[in-house]
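Structural overview
Chain by chain, the residues run as shown.
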Number of protein chains: 2
Amino acid sequence: MNEPVIQLPEPLGSGKRGGRGALSGAATQRVERPAPLREAVHTALIELIINGTLQPGQHLVELELAQYLGVSRQPVREALQRLQTEGWVDLRPAQGAFVHTPTEEEADQLLSVRSVLETHSARLAADRATEEQIARLWELQREGEALVEADDPEGVTAANAKLHAYITQISGNAVLAEHIALVERRVRWYYRPIARPRGHDAWNEHAELIKAIAAHDADLASMIMNRHTERTRQAYHDQRVAEASAEQQT
Amino acid sequence: MNEPVIQLPEPLGSGKRGGRGALSGAATQRVERPAPLREAVHTALIELIINGTLQPGQHLVELELAQYLGVSRQPVREALQRLQTEGWVDLRPAQGAFVHTPTEEEADQLLSVRSVLETHSARLAADRATEEQIARLWELQREGEALVEADDPEGVTAANAKLHAYITQISGNAVLAEHIALVERRVRWYYRPIARPRGHDAWNEHAELIKAIAAHDADLASMIMNRHTERTRQAYHDQRVAEASAEQQT
DNA sequence: CTGTTCCATACTGCATACAGTCTACAGCGT
DNA sequence: ACGCTGTAGACTGTATGCAGTATGGAACAG
């Protein structure tokens with residue numbers, strides 16, 4: 001009825017019935033549990049949603065996904081469960097899974113929550129950062145700046161995520177990190193249609209932030225991060241508005 | 001091997017094979033989707049974990065749970081998936097589900113995250129609260145105070161949760177509400193062993209908070225909520241310390 | 001031509017079946 | 001006595017089967 005016409009690099013459950021990963025033989029010293037198929041399916045589906053292969057609102061038929069990914073319905077269902085709690089799909093009883101449709105309001109709320117969490121993370125990071133970690137921050141900063149110069153939006157986005165993730169790591173609060181990661185991925189998705197990341201100014205703000213962390217000035221770091229994330233949120237807003245008015249003129 | 005010896009009020013999937021809820025017949029105008037079994041299982045398991053029937057570290061054997069709840073392994077597995085992403089259980093590949101073991105560190109991190117989120121929620125609520133909502137807040141406040149007077153710890157805890165939840169609702173940020181709810185339930189669990197909620201002083205703080213919200217003073221409301229949640233965190237800490245030293249003397 | 005009813009089909013939700021892996025214990029060797 | 005190896009049982013991970021419901025379209029009435 002529908003026609004996904006989606007291409008997969010490799011069939012996830014590669015032939016073998018037992019479905020154990022290809023690396024079963026390599027008996028490295030570590031116990032190295034073979035990752036269950038559901039994990040792979042989960043990852044694959046997020047990727048498909050983020051890159052737009054699976055469009056918002058689209059009905060995800062379990063059997064189709066299963067065949068496409070080369071597994072049975074079972075792992076697919078389990079992955080869908082998790083995707084629902086993470087906000088990627090909506091499970092409507094007796095109807096199945098639908099790719100979640102992000103609303104403008106929800107995007108704003110996500111950015112707001114992210115702002116709060118990241119601000120707290122910056123505060124904690126300023127308290128705890130070691131010299132070594134600060135050095136690493138400057139390293140990430142230089143990498144980011146280089147990518148801005150090279151005008152590589154994809155790279156800049158990745159570098160940005162990396163820097164923020166590292167700050168979160170420094171903060172030493174795993175629960176906080178989990179929640180940020182959850183929000184972060186969804187933001188990245190919502191954000192995608194209007195992709196173009198902020199350039200020089202964002203990274204200037206990063207530099208300020210790192211300075212504050214290096215000085216262990218928690219209040220300042222927190223303040224800068226708050227301003228930083230709120231600006232991203234504003235940029236999102238402006239873009240939407242611009243988009244809307246552009247649409248009017250068409 | 002193990003002996004859960006747990007008693008269930010009623011068999012979840014009550015006989016009927018199709019497993020549809022008992023309210024299938026009542027054809028009210030609304031479409032009233034029959035809630036899937038996995039939902040019921042999910043709720044039931046959280047309850048069992050919170051009330052201590054399922055102890056931290058315990059191995060959850062799917063078949064046992066299934067039989068106990070009167071369903072098959074399938075809905076149990078799906079519920080476990082969700083429980084994992086929500087932090088209630090750990091799924092070890094090829095070994096199964098184990099009730100998550102809360103560490104002291106993790107509890108502190110959760111309280112910290114909750115504090116940040118609730119603080120933000122209070123700020124937003126102060127901005128948006130309507131007269132009607134404020135009236136409702138005072139109502140909840142009175143209920144809570146009454147329960148404190150009546151020395152009903154269970155009731156106080158519930159009233160507390162209700163008040164906080166309502167503030168979150170007023171804030172109008174659904175994403176924020178989700179995250180708070182996620183953290184909240186785990187906190188309640190971790191907190192349980194040292195249950196006794198703070199009494200009068202907590203509710204005095206609530207009153208101050210509601211006043212600030214009623215005055216639409218976002219900064220003040222935010223400040224009060226921050227102090228309030230941090231105190232709860234401190235209370236948790238003190239209790240742990242007291243416990244530890246008490247144990248020493250034994 | 002429009003609106004309604006009925007039916008076929010597709011898909012979900014749940015249950016069951018099967019294959020592979022982990023664990024513990026018995027038996028053997030040292 | 002102690003450690004190693006082999007084997008049986010238990011449990012997970014995955015696949016398949018089955019019943020019930022939602023949906024779209026055809027047939028029919030107005």
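Below, the structure is looked at part by part.

Conventions adopted
- Residues numbered from 1 in each chain as written.
- Chains lettered and ligands numbered in written order.
- Predicted model: local features only at pLDDT ≥ 70, side-chain atom pairs only at ≥ 80, totals over all residues.
- Heavy atoms only, no water.
- Contact = heavy atoms within 4.5 Å.
- Buried area = accessible area lost by both parts, 1.4 Å probe.
- Salt bridge = Lys/Arg side-chain N within 4 Å of Asp/Glu carboxyl O.
- Polar contact = N/O pair within 3.5 Å; in protein donor to acceptor, adjacent residues only side chain to side chain.
- Helix = DSSP H or I, 4+ residues; strand = E, 2+ residues; numbered from the N terminus.
- Nonpolar A, V, L, I, M, F, W, Y, C, P; charged D, E, K, R; others polar.
- Expected span 1.5 Å × (residues − 1).
- Buried < 20%, exposed > 50% of the residue type's maximum accessible area, 1.4 Å probe, protein only.

On the side of chain A, 33 residues touch chain B, which itself brings 33 residues to the contact. Summing the contributions of chain B and of chain A, the shared interface buries around 3000 Å²; its carbon and sulfur component is 56%. If you sort the residues of chain B by the area they bury against chain A, Gln 81, Val 175 and His 179 of chain B come out on top, with a joint share of 17%. Across the contact surface, chain B and chain A share two salt bridges. Across the salt bridge formed by Glu 78 of chain B and Arg 77 of chain A, the nearest N and O atoms sit 2.7 Å from each other. Summed over the shared surface of chain B and chain A, the number is 13 residue pairs in polar contact (both at pLDDT 80 or more). Put simply, the parts of the chain that give the side of chain B that touches chain A at least two residues each are α3 (73-85), α4 (104-128) and α7 (174-191) of chain B. Looking at the side of chain B that touches chain A, its residues break down into 14 nonpolar, 10 polar and nine charged.

With that settled, consider the side chain of Ser 121 of chain A. Relative to the helices and strands, Ser 121 of chain A resides in helix α4 (residues 104-128). With residues up to four places along the chain from it excluded, the contact list for Ser 121 of chain A reads Ile 167, Thr 168, Ser 171, Leu 176 and Ile 180 of chain A.

Our next topic: α4 of chain A. Here α4 of chain A spans 36 Å end to end across 25 residues, near enough to the 36 Å set by a 1.5 Å rise per residue. Taken across its 25 residues, α4 of chain A has 20 buried, putting it largely inside the fold.

Moving on to unusual backbone geometry. Residues and elements named next belong to chain B. Phi at Ala 94 is positive, roughly 65°, even though this residue is not glycine. Along the chain, the position of Ala 94 falls in the loop between β2 (89-92) and β3 (96-99). Here His 216, not a glycine, exhibits a phi torsion of approximately 55°, which is positive. Note that His 216 resides in the loop between α8 (200-214) and α9 (218-249). Assessed through its relative accessible area of 37%, His 216 is described here as partly exposed.

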